[in-house]
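Residue-level listing of the chains:
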Amino acid sequence: MSEGGRKAILRARRHAHIRQRVSGVTERPRLSVRRSNRHIVAQVIDDSRGHTLAAASSLEPAVRAAGGTGNVASAGRVGDLVARRALDAGVTSVVFDRGGFRFHGRVAALARAAREAGLEL
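Residues numbered from 1 in each chain as written. Predicted model: local features only at pLDDT ≥ 70, side-chain atom pairs only at ≥ 80, totals over all residues. Heavy atoms only, no water.

Caption draft 1: Local environment of the layout of surface pockets. If you add up the space inside the largest pocket, you get close to 390 Å³. In terms of lining, the largest pocket is formed by 14 residues, of which the most central are Arg11, Arg14, Arg35, Gly100 and Phe101. If you list the elements that add at least two residues to the lining of the largest pocket, you get helix 1 (3–21), strand 1 (30–35) and helix 4 (106–116). No other element matches the 6 residues that helix 1 contributes to the lining of the largest pocket. Of the residues in the lining of the largest pocket, the class split is 4 nonpolar, 3 polar and 7 charged. (1 Å grid on protein atoms, 1.4 Å probe; cavity = no way out; pocket = protein on both sides within 12 Å on 5 of 7 lines; lining within 4 Å. Points joined across faces, edges and corners; volume = space filled by probe spheres on them. Helix = DSSP H or I, 4+ residues; strand = E, 2+ residues; numbered from the N terminus. Nonpolar A, V, L, I, M, F, W, Y, C, P; charged D, E, K, R; others polar.)

Caption draft 2: Looking closely at the sheet that holds strand 2 (residues 40–46). The strand order across the open sheet formed by 4 strands is 3-2-1-4, and the pairing between neighbours is mixed. In this open sheet, the two edge strands, each paired with only one partner strand, are strand 3 (51–57) and strand 4 (95–97). Going from strand to strand, the sheet's axes swing by 20 degrees on average, the running direction of each strand aside. As paired elements, strand 1 and strand 2 share 6 bridges and run antiparallel to each other. Note on strand 2: the bridge partner recorded for Arg34 is Val41. The strands that helix 3 (residues 72–88) touches are strand 1, strand 2 and strand 3; relative to strand 3, the one it contacts most, it runs at about 150 degrees. Each of strand 1, strand 2 and strand 4 touches helix 4; the most contacted strand, strand 1, lies at about 145 degrees to it. (Pairing = 2+ DSSP bridges. Axes fitted to C-alpha atoms, helices over the stretch in contact; angles between N-to-C directions. Contact = heavy atoms within 4.5 Å.)

Limitation: the analysis is restricted to geometry and does not speak to function.
Structure representation (structure tokens):
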């Protein structure tokens, strides 16, 4: 098995373990983070109803126009954007789901920006 395949399997196992403990409900939905080498995506999800309440991505024109998409600065812009959209949807508090990724770098920058925008993690 290649190194990349092994890493993907291990990340999926970590994410499955996290999802056993983390679940979003109507009062406190889940802020889910997915990242690749080039982009980062964040969604606020109500797992009890199966609905996405707010979402933001580095693929959006507003984030792409401000610079690169696979760096800490763009992750911060995505975090700010998803927090503002969640607050507009009436969500003030969320459970953070790091998706099996380390809480470091872009994932931490997204969480920090969401907190600074007014979302309680």
